[in-house]
Amino acid sequence: MTNTPAEPRIAFLIGGVQKAGTSALAQYLSAHPQLRLPYNKEAHVFDAEDFDDGADTAAIDARFAPLFTADAGTADTAATLHGDATPISLFLPQCLPRITRYNPALRWIVLLREPAERALSHYRMERARGWEHWPLWPAMLLERWRLRLDRDPLATDSHHRRHSYRARGDYAQQLDRLYAQFPSQHVLLLRSEQLRTQPATCVAQVCAFLGVPAPPANIDYAPVFVSNTPPPARNSLTMRLLRWLLRRERRALRERYGITFD
């Protein structure tokens, strides 16, 4: 008698991008009775420094298991889908092969935000956390050199995690890697602006993509993590310069995937 390999616990992943509304989407989906996400949102299993590339499905699931202990009220059933919401999974190249080996049928939900807005939001977050000490423009211009200095991008204090303001906006490169590992029908691309302005519609799209019933009518779609500092006006000098710095990334995304931002 042979043992049947365990079915992977994690069936879907909100895999990017950082500062695009992934926390809000994870919170909204957690209100669905058939969907489970880690109680602290981001599992950071596949990007962990001590991840064992030889680990089998059961060992990886064992790392996820404690993160679902806070599931409240509704017991799991055969229809329950477990997911993760670790946005850096799309950005760090080391993660994709690991996830593919773990569950080649996994479904990806990717939120995209205008790259200049995303970069500025990321920069402000790192400043607030005390991880960034350079003013905005030196930080943006020094980024490539910082990333080259990283010996281990998976380290918790790496520049790839903290100071990748522009690199994370290179969506075309990240999507190239994703589609090389997963078929397009396993990837749902959404806009962060759509989630912000039409959250119910966005969540309904995700539910249809995952094959679960429509979300309950009583989901609270209140904004999550609203910044006290509004972004500069779209036509401000700051935003124009940031869009110029990210012009190649925006062009690659348009040419390879037909995705544009106003």
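Residues numbered from 1 in each chain as written. Predicted model: local features only at pLDDT ≥ 70, side-chain atom pairs only at ≥ 80, totals over all residues. Heavy atoms only, no water.

(A) Quick peek at the overall build of the chain. Each helix and strand in the chain was counted, giving 12 helices and five strands. Radius of gyration (C-alpha) of the chain: 19 Å, near the 18 Å computed for a compact globule of 262 residues. Dimensions of the chain, computed from C-alpha atoms along their principal axes, come out at roughly 65 × 45 × 35 Å. Within the span of the chain, comprising 262 residues, buried residues form 48% of the whole. Contacts in the chain between residues at least 24 apart in sequence constitute 74% of all its contacts with a sequence separation of at least 6. Looking at the chain as shown, the accessible area adds up to about 13300 Å², and 52% of this sits on carbon and sulfur atoms. For the chain, the distance from the average position of its 33 positive side-chain charges to the average position of its 27 negative side-chain charges is 9 Å. (Helix = DSSP H or I, 4+ residues; strand = E, 2+ residues; numbered from the N terminus. Rg over C-alpha atoms; globule rule 2.2 N^0.38 Å. Buried < 20%, exposed > 50% of the residue type's maximum accessible area, 1.4 Å probe, protein only. Contact = heavy atoms within 4.5 Å. Areas by Shrake-Rupley, 256 points an atom, 1.4 Å probe, with all protein chains shown as cover. Lys, Arg positive; Asp, Glu negative; His and termini not counted. Charge placed at Lys NZ, Arg CZ, Asp CG, Glu CD.)

(B) A look at the environment of Leu-246. Tracing the sequence through the fold places Leu-246 in the loop between helix H11 (237–245) and helix H12 (247–257). A relative accessible area of 0% means that Leu-246 is categorised as buried. It is 7.1 Å that separates the C-alpha atoms of Leu-246 and Pro-115, two residues lying 131 residues apart in sequence.

(C) Examining the sheet that holds strand S1 (residues 10–16) more closely. Pairing within the open sheet is parallel, and its five strands lie in the order S2-S3-S1-S4-S5. With partners counted over all chains shown, the strands left at the sheet margins are strand S2 (35–36) and strand S5 (187–191), one partner each. Judged from the five bridges that link them, strand S4 (residues 107–112) and S5 form a sheet pairing that is parallel. If you follow Leu-111 over to S5, its bridge partner there is Leu-190. Against the sheet, helix H10 (residues 199–210) contacts S1, S2, strand S3 (81–84), S4 and S5, and its axis sits at roughly 180° relative to S5. (Pairing = 2+ DSSP bridges. Axes fitted to C-alpha atoms, helices over the stretch in contact; angles between N-to-C directions.)

(D) Geometry of H12. Within the span of H12, buried status applies to Glu-249, Ala-252 and Leu-253. When H12 is viewed along its axis, its buried side chains cluster within an angular range of 100° and face the same direction. In this fold, the buried residues of H12 make contact with helix H8 (171–181) and H11. One or two positions beyond H12, positive phi appears at Gly-258, with a value near 65°. (Arc of directions from axis to C-beta.)

(E) View of the nonpolar core. Counting residues in hydrophobic clusters, the biggest one holds 58 residues, and the most contacted among them are Leu-25, Leu-29, Trp-108, Ile-109 and Leu-178. Considering each element in turn, this core owes the most residues, six residues, to H10. Setting aside its immediate chain neighbours within four residues, Ile-109 contacts Phe-12, Leu-13, Ile-14, Gly-15, Gly-16, Leu-25, Leu-188, Leu-190, Val-206, Phe-209 and Leu-210. (Core = buried A, V, L, I, M, F, W, Y, C linked by side-chain atoms within 4.5 Å.)

(F) Region of interest: the packing of aromatic side chains. Scanning the entire structure with this criterion turns up nine aromatic pairs. Cluster of aromatic residues (ring-pair linked, three or more members): Phe-46, Phe-51, Phe-64 and Tyr-102. Positioned over the ring face of Trp-145 is Arg-148, at 4.7 Å from the centre of the ring. One residue, Arg-191, lies across the ring of Phe-261, its end atom 4.8 Å from the ring centre. (Phe/Tyr/Trp six-rings, centres within 6.5 Å; stacked < 30°, edge-to-face > 60°. Lys NZ or Arg CZ within 6 Å of the ring centre and 35° of its normal.)

(G) Structural view of a positive patch on the surface. Together, Arg-144, Arg-148, Arg-248, Arg-251 and Arg-254 make up a region of like positive charge exposed at the surface. When residues of the positive patch are traced back to their parent elements, those giving at least two are helix H6 (136–149) and H12. Take the positive patch: its biggest share by element is three residues, from H12. Mapped onto the fold, Arg-248 is located in helix H12. (Patch = residues over 30% accessible without salt bridge, like charges linked within 9 Å, V, L, I, M, F, W, Y side chains within 5 Å. Salt bridge = Lys/Arg side-chain N within 4 Å of Asp/Glu carboxyl O.)

(H) Representation of the environment of Asn-218 in the model. Mapped onto the secondary structure, Asn-218 falls in the loop between H10 and H11. Residues Asn-218 and Phe-64, spaced 154 residues apart in sequence, show a C-alpha to C-alpha distance of 29 Å.

(I) Quick look at the environment of Phe-209. Among the structural elements, Phe-209 can be located in helix H10. Distance from Phe-209 to Leu-188, taken between C-alpha atoms, is 7.3 Å for residues 21 residues apart in sequence.

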